[in-house]
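# Summary of the model geometry
For reference, the chains in residue letters:
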Amino acid sequence: MSDLDGNSICLSRSLEALLRDHLDDTQKDLVFKRLDHHIKKYKALKERNPKRVAEYFQISMDQRLDQQMEKQKDLSAKISCKAGCHECCKQVVTITRDEAVLLREVIEDLGIQIDVNRLLKQVDANSRTWYQLEGKDRECVFLDEGGQCKVYNWRPLYCRKHLSLDEPALCNKEDSRHPRMYIDPEAEIIASAATSSTESGPMARLLLDEIESQASIGPSPEKTIR
Ligand code: SF4
């Protein structure tokens, strides 16, 4: 698919479904204009301040979702995501290259320990073989023993927009039933603009790339990846 300037774009599955099944031509035009706006913003910000681009987009998404929750008071009561629930953290998570850089920096700065062996197993799995991994090996390397995210403030856009309206177990898609999700079009546009503006892919691969590229440069004494 292409944007208004003919550049190829990478849309989230939810945005693709909205465009395909639910929006009329006027609404589709609006989606592409918003996408164009965010892609231009991403590229401009990346030129000016590449270290801030991932965080800027994460904050934009949070603000948008907070606004929606504020506007639709009954919505937040319907969202089943709660602190400690981590069923969605056992799926393949898509991130951008800039988010991988941010996560690697957070690992270094906070001295977070991650299971690199698990990451290697996840890199080797594809969408068909993911559910053949042992339960623990499917868990995100940032999940702590209490089921909390160790990088919550810096978690990827993909994690921020995952808002289930259904029973938590359905987020760990081992069976064929999928949870009903709250889909906010603007949040999907923000995520799609990010993945269209830079390389994106499974978290395990991009994160391992980042860790390995820094290891080959050589860690500074105070910034060791554990
Ligand atoms: S980054 Fe955090 S929220 Fe996202 S999958 Fe990993 S543990 Fe879960």
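What you see is a predicted model, and the numbers here were worked out from it, not measured in a lab. For every chain, the first residue of the written sequence is number 1, and numbering continues from 1 along that sequence. Local features in this predicted model are restricted to residues of pLDDT 70 or higher, and side-chain atom pairs are both shown and tallied only at a pLDDT of 80 or more, whereas totals for entire chains, interfaces and linings draw on every residue.

## Some points on the site of the ligand
Put simply, the test is: Whether a residue is near a molecule or strand depends on its C-beta atom, placed from the backbone, lying within 6 Å of it. Note on residue categories: nonpolar means Ala, Val, Leu, Ile, Met, Phe, Trp, Tyr, Cys or Pro, charged means Asp, Glu, Lys or Arg, and polar means any other residue, Gly included.
Surveying the vicinity of the ligand reveals the residues His86, Cys89, Val93, Cys140, Phe142, Leu143, Cys149, Val151, Arg155, Pro156 and Cys159. Each residue belonging to the shell around the ligand can be placed in one class, and the counts come to nine nonpolar, one polar and one charged.

## Some thoughts on the packing of helix α2 (residues 25–48) against helix α8 (residues 185–197)
As a reminder of what qualifies: Axis definition: a line fitted to C-alpha atoms, limited for helices to the stretch in contact. Angles are taken between N-to-C directions and run from 0 to 180 degrees. Only DSSP runs of H or I with at least four residues qualify as helices, and only runs of E with at least two residues qualify as strands; both kinds are numbered from the N terminus onward. Roughly parallel means an angle under 35 degrees; roughly antiparallel, over 145; roughly perpendicular, 65 to 115; everything else is oblique. If you view the pair so one helix is near and one far, a crossing is left-handed when the near helix is turned anticlockwise from the far one by less than a right angle, and right-handed when it is turned clockwise. A pair of residues counts as a contact when their C-beta atoms, built from backbone coordinates, are separated by no more than 7 Å.
Interhelical geometry of α2 versus α8 gives an angle of 45 degrees and a closest axis separation of 8 Å. What the angle tells us is that α2 and α8 run oblique. Remark: the crossing between α2 and α8 carries right-handed chirality. Judged by residue contacts, Val31, Arg34, Leu35, His38, Ile39, Tyr42 and Lys43 of α2 engage Pro185, Glu186, Ile189, Ile190, Ser192, Ala193, Ala194, Ser196 and Ser197 from α8. Split into classes, the residues belonging to the contact of α2 with α8 amount to nine nonpolar, four polar and three charged.

## Points about the environment of isoleucine 190
Examined against the element boundaries, isoleucine 190 turns out to sit in helix α8. Linking isoleucine 190 and lysine 33, residues 157 residues apart in sequence, is a C-alpha distance of 12 Å. Aside from chain neighbours lying at most four places away, what touches isoleucine 190 is His38, Phe57, Ser60, Met61, Arg64 and Leu157.

## Notes on the confidence of the model for the protein chain
The criterion, for reference: For every residue, the predictor assigns a confidence score, pLDDT, that lies between 0 and 100.
For the protein chain, per-residue confidence averages 88 on the pLDDT scale, and 90% of positions sit at 70 or higher. In this model, residues 219–226 is a region of pLDDT below 50 whose contacts with residues beyond four sequence positions or in other chains number eleven contacts.

## Considering helix α3 (residues 53–71)
Our working definition: Multiplying 1.5 Å by the residue count of a helix minus one yields the expected span of that helix. Here the C-beta atoms are placed from the backbone, and a residue counts as buried if at least 20 other C-beta atoms lie within 10 Å of its own, exposed if 12 or fewer do, and partly exposed otherwise. Read the arc as the range of directions from the helix axis to the C-beta atoms.
Across its 19 residues, α3 extends 27 Å between first and last C-alpha, which sits within 8% of the 27 Å expected from 1.5 Å per residue. All of the buried residues along α3 are Val53, Ala54, Phe57, Gln58, Met61 and Leu65. Along the long axis of α3, the arc covered by the buried residues comes to 135 degrees, so they all point the same way. For α3, exposure combined with an orientation more than 90 degrees from the buried face picks out Ile59, Gln63, Asp66, Gln67, Glu70 and Lys71. Buried residues in α3 make contact with α2, β1 (94–96), α5 (97–110), α7 (157–160) and α8.

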